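# Structural overview for review
The lines below spell out each chain.
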Amino acid sequence: MLIRPRRNRRHPALRRLVRETQLSPDDLVLPLFVQEGEGLASAIASLPGHARLSIDRLVEKAGEAVALGVPGVALFPVIDPAEKDPRGSAAAKPDGLLQRSVRALKAAHPELLVITDVALDPYSSDGHDGVLIGERIDNDETLPILAAMAVSQAEAGADVVAPSDMMDGRVLAIREALDAAGFTEVAIGSYCTKYASAFYGPFREALDSAPRSGDKKTYQMDPANAREALRELSLDESEGADWVMVKPGLVYADIIRLVRDHTALPVAAYHVSGEYAMLRAAAERGWLDYDRCLLESLLSLKRAGADVIFTYGALDAARLLRG
Ligand code: PBG
């Protein structure tokens, strides 16, 4: 007798019954870029379909996410170069661009989850996630600044603060500061295993946030390391992270699986700007079918173990999934 796995693939209804992974708009988070001004949507060359939006346009775009059943947005502010300094002082301003954006979003769309990024790079004149002192990114100088930034985001109404800076001890510093300020219900979505990746290029173009000197290899993880992810995971768990993220996504699917198998926390994956841009670029040339490759990419992240997927294709995917 010949064993025939193809029998289970014969009929579309049978394939639906035996399908192991389902992708849903419920899984998705849409990253958005916000800038000062009104009525603005300035294109980002390397991120087709995305733009730097003024707050009014941001609120409109977020309305599309709500209408399509996407539960959350992740916000990234484009800061005026004149406001940038070595300590990223503008990050905790109560009336800063990010803080006003969060307030506007929560007022217009209370049902939408607003996730804010905690790291200095959009605000730093050095383009680093922490404070640069001499040639070094100073970990412990950075922690209180990140904590103040997170508290200021919580005051504005952020539901989840997402430290993406990779300083040691930042989850604990942020948790303690949030609790002390009375924000015990604001969650920490930690970018737990964030790698020093070349796939962040389009994002840095969008924010004009590339490091002015050096690189991020002394704080972001070495792409060669997997075991080290478990060390970051256990630290973030013990410091009080509510969920952990692996970033980038597709090229780190093994890390998503590893983290999934070692934690009871929800796991997020970030399908980063470069991963999205590659699909768009190939589709523009007629080399790939964007819709199908996007859904397959996101499904792969889910199959690898991600519960939550950050993707620039969130609206496209939600539209496709709703048929
Ligand atoms: C900032 C931050 C980065 C991304 C998210 N938060 C860039 C970086 O670390 O340089 C990248 C996201 C993407 O490429 O889509 N700390």
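Residues numbered from 1 in each chain as written. Predicted model: local features only at pLDDT ≥ 70, side-chain atom pairs only at ≥ 80, totals over all residues. Heavy atoms only, no water.

## Here's the deal with the site of the ligand
Taken together, 18 residues surround the ligand, and among them Lys-194, Arg-204, Lys-247, Ser-273 and Tyr-312 come closest. Between Lys-216 and the ligand, the recorded distance is 2.7 Å, taken from a side-chain N or O atom to an oxygen atom. Taken by itself the ligand offers 400 Å² of open surface, and the protein chains cover 100% of this. In terms of residue class, the shell around the ligand is built from eight nonpolar, three polar and seven charged. (Near = heavy atom within 4 Å. Polar contact = N/O pair within 3.5 Å; in protein donor to acceptor, adjacent residues only side chain to side chain. Areas by Shrake-Rupley, 256 points an atom, 1.4 Å probe, with all protein chains shown as cover. Nonpolar A, V, L, I, M, F, W, Y, C, P; charged D, E, K, R; others polar.)

## Some thoughts on the nonpolar core
In a soluble, globular protein the nonpolar side chains are often hidden away together inside. If you look at the biggest cluster of nonpolar residues, it comprises 102 residues, and the most contacted ones within it are Phe-33, Val-161 and Phe-310. The biggest single contributor to this core is helix α4 (residues 139-156), with eight residues. (Core = buried A, V, L, I, M, F, W, Y, C linked by side-chain atoms within 4.5 Å. Buried < 20%, exposed > 50% of the residue type's maximum accessible area, 1.4 Å probe, protein only. Helix = DSSP H or I, 4+ residues; strand = E, 2+ residues; numbered from the N terminus.)

## With respect to the pairing of strand β3 (residues 51-54)
Here β3 shows two buried faces, one formed by Ala-51 and Leu-53 and the other by Arg-52 and Ser-54. As paired strands, strand β1 (residues 28-35) and β3 are joined by three bridges and run parallel to one another. From the neighbouring strand, Gln-35 faces β3, where its bridge partner is Ser-54. Both strand β2 (residues 41-43) and β3 contribute to a ladder of three bridges, which runs antiparallel. Among the inter-strand pairings, Ala-43 is bridged to a residue of β3, identified as Ala-51. (Pairing = 2+ DSSP bridges.)

## Section: the packing of helix α8 (residues 253-260) against helix α10 (residues 290-304)
At a minimum axis separation of 8 Å, α8 and α10 run at an interaxial angle of 35°. For the pair α8 and α10, the contacting residues are Ala-253, Ile-256, Arg-257 and Arg-260 in the first and Leu-301, Arg-303 and Ala-304 in the second. When grouped by side-chain class, the residues that make up the contact of α8 with α10 number four nonpolar, no polar and three charged. (Axes fitted to C-alpha atoms, helices over the stretch in contact; angles between N-to-C directions. Contact = heavy atoms within 4.5 Å.)

## Describing unusual backbone geometry
The omega angle of the peptide bond from Lys-247 to Pro-248 is -10°, so this bond is cis rather than trans. You can see Pro-248 is positioned in the loop between β10 (243-247) and α8. The backbone of Met-166 sits at a positive phi, close to 70°, despite the residue not being glycine. Classification of Met-166 by relative accessible area gives buried; the value is 3%. Despite not being glycine, Asp-208 has its phi angle at roughly 50°, a positive value. With respect to the element layout, Asp-208 can be found in the loop between α6 (201-207) and α7 (227-239). Taking relative accessible area as the criterion, Asp-208 reaches 46% and is therefore assigned partly exposed.

## Quick word on helix α5 (residues 170-180)
The set of residues buried in α5 consists of Arg-170, Val-171, Ala-173, Ile-174, Arg-175 and Leu-178. If you follow the buried residues of α5, they end up packed against β5 (113-118), α4, β8 (160-163), β9 (187-194) and α7. Note on α5: the residue one or two positions beyond its end, Gly-182, has a positive phi of about 90°.

## As for the pattern of salt bridges
For the structure shown, the criterion picks out 18 salt bridges. For the salt bridge of Asp-27 with Lys-302, the shortest nitrogen-to-oxygen distance reads 3.1 Å. Here Lys-302 lies in helix α10 and Asp-27 lies in the loop between α1 (12-18) and β1, a separation of 275 residues in the sequence. What makes Asp-27 buried here is its relative accessible area of 9%. Owing to a relative accessible area of 21%, Lys-302 belongs among the partly exposed residues under this scheme. In this structure, Arg-175 engages Asp-242 in a salt bridge whose closest nitrogen and oxygen atoms are separated by 3.8 Å. You can see Arg-175 sitting in helix α5 and its partner Asp-242 sitting in the loop between α7 and β10, a full 67 residues away along the chain. In this structure Asp-242 comes out as partly exposed when scored by relative accessible area, which is 32%. Overlapping salt bridges bring together Lys-61, Glu-64, Arg-280, Asp-316 and Arg-319 as one network. (Salt bridge = Lys/Arg side-chain N within 4 Å of Asp/Glu carboxyl O.)

## Quick notes on the pairing of β5
The buried fraction of β5 amounts to five of the six residues, a majority that puts the element mostly inside the structure. Examined bridge by bridge, strand β4 (residues 72-77) and β5 share four bridges and lie parallel to one another. Its bridge partner lying in β5, Leu-75 is registered against Thr-116. The parallel pair β4 and β5, bridged by helix α3 (residues 97-108), forms a crossover whose chirality is right-handed. The pairing of β5 with β8 spans four bridges and is parallel. Counterpart to Val-118 in the pairing with β8 is Pro-163. (Right-handed = clockwise from strand over helix to strand, strands pointing away.)

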